[in-house]
Amino acid sequence: MLAEVLRLLNPDRSGSMTTYVLVHGAWHGGWCWSRVRRALMATGSDVYTPTLTGLGERAHLASREVDLETHIGDVLGMLEAEDLTDIILVGHSYAGVVITAVADRAAQKIAHLVYLDAAVPRDGQCLYDCVPTQLKTHVEGHATLGGEGWRVPVAAASAQFLGLKREEDVRWVMPKLTPHPIRTFRETVQLGSKLAPAPRTYINCIGDKALGQPKPRQADGIDDYHELRTGHDAMVTAPQDLADLLSKVAETASDSVQSRAAADATSGPLGKLSHRHR
């Protein structure tokens with residue numbers, strides 16, 4: 001414990017690099033973060049981009065049994081296997097549901113949560129509680145007609161829906177998309193941590209609209225709010241802008257972690273002993 005406190009109090013040590021875990025949304029895979037990953041790694045950061053079960057290069061694992069708990073377990077398992085702490089946990093779109101549950105169950109590992117144009121569920125809510133009713137109707141209809149009732153076909157996610165305009169982005173993204181297990185949309189998150197929640201940031205992708213748009217309902221209660229003038233798939237369409245914004249968020253998170261560590265060191269047994277001997 002003391003070694004960890006000393007590491008946090010000394011940001012110049014080599015172990016103080018920022019660690020990001022970037023979780024993709026529906027139909028995507030870890031591949032979609034490659035541009036942002038390169039930009040963040042260029043700053044000396046450590047970046048993890050897990051692919052959720054049944055998607056991307058793990059599409060062969062798709063089945064009717066894949067549910068929200070499966071995806072939560074994917075991320076929790078990676079945090080444990082890689083022994084990650086003080087991470088900036090980023091969730092895009094659907095993954096906002098996943099990271100909310102992960103942060104509730106592994107609060108001690110999370111320095112900051114970032115919702116990238118994402119769902120922000122409350123206890124007992126599912127993805128459908130966080131999106132317009134017509135979107136639920138849209139994806140459920142596609143699942144019934146073209147997904148055997150248990151997966152949402154790629155046809156439900158158009159380039160326009162994802163905010164892709166440049167031909168090179170469309171050519172890169174659309175062929176890589178894979179059907180999404182629909183149970184992950186229907187199942188609710190159960191939150192019950194008694195630990196203080198991690199600080200949160202919301203990034204709203206507003207397309208071509210002017211800055212200063214009304215705050216979306218999903219950002220209610222989140223003070224650190226930002227806008228990006230790009231489409232929904234910001235990690236594809238504006239990777240450098242997104243990486244720069246994440247770096248700024250990380251700076252704030254690092255200051256917060258160091259302040260908490262200093263306070264813990266001062267209030268702990270060693271700090272009290274030092275204070276008595278002054």
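Residues numbered from 1 in each chain as written. Predicted model: local features only at pLDDT ≥ 70, side-chain atom pairs only at ≥ 80, totals over all residues. Heavy atoms only, no water.

## A look at the side chain of Ser45
Stated precisely, the cut-off is as follows: Numbering of helices and strands starts at the N terminus; helices are DSSP runs of H or I of at least 4 residues and strands are runs of E of at least 2. As used in this structure description, the phrase polar contact means that two N or O atoms lie within 3.5 Å; if the pair is within protein, one of them must be able to donate a hydrogen and the other to accept it, and residues adjacent in sequence are counted only when both atoms belong to side chains. Contact definition: two residues touch when any of their heavy atoms are within 4.5 Å.
Residue placement: Ser45 occurs in the loop between α2 (34–41) and β2 (46–48). A distance of 3.1 Å separates a polar atom in the side chain of Ser45 from a polar atom in the side chain of Thr43. Beyond its immediate stretch of four places on either side in the chain, Ser45 contacts Met17, Thr18, Tyr20 and Leu40.

## Digging into the sheet that holds β2
Defined as follows: Paired strands, in this sense, are two strands between which DSSP finds at least two bridges. Here an angle of 0 to 180 degrees is reported between the N-to-C directions of two axes, which are lines fitted to C-alpha atoms, with helices fitted over the stretch in contact.
Spatially, six strands are ordered β2-β1-β3-β4-β7-β8 in an open sheet, and the strand pairing comes out parallel. This sheet does not close on itself; its edge strands, each paired only once, are β2 and β8 (224–228). Direction aside, neighbouring strands of the sheet carry axes that sit 20° apart on average. Pairing of strand β1 (residues 19–23) with β2, which is carried by three bridges, proceeds in the parallel orientation. Paired with Tyr20 across the two strands is Val47, which belongs to β2.

## Remarks on the confidence of the model for the chain
The criterion, for reference: Residue-level confidence of the predictor is what pLDDT reports, using numbers from 0 through 100.
When pLDDT is averaged across the chain, the result is 90; 86% of the residues are at 70 or more. Of the regions scoring below 50 in pLDDT, residues 1–15 engages in 20 contacts with residues more than four places distant in sequence or in other chains. Ignoring residues within four places in sequence, the model shows residues 272–278, a span with pLDDT below 50, making two contacts including any to other chains.

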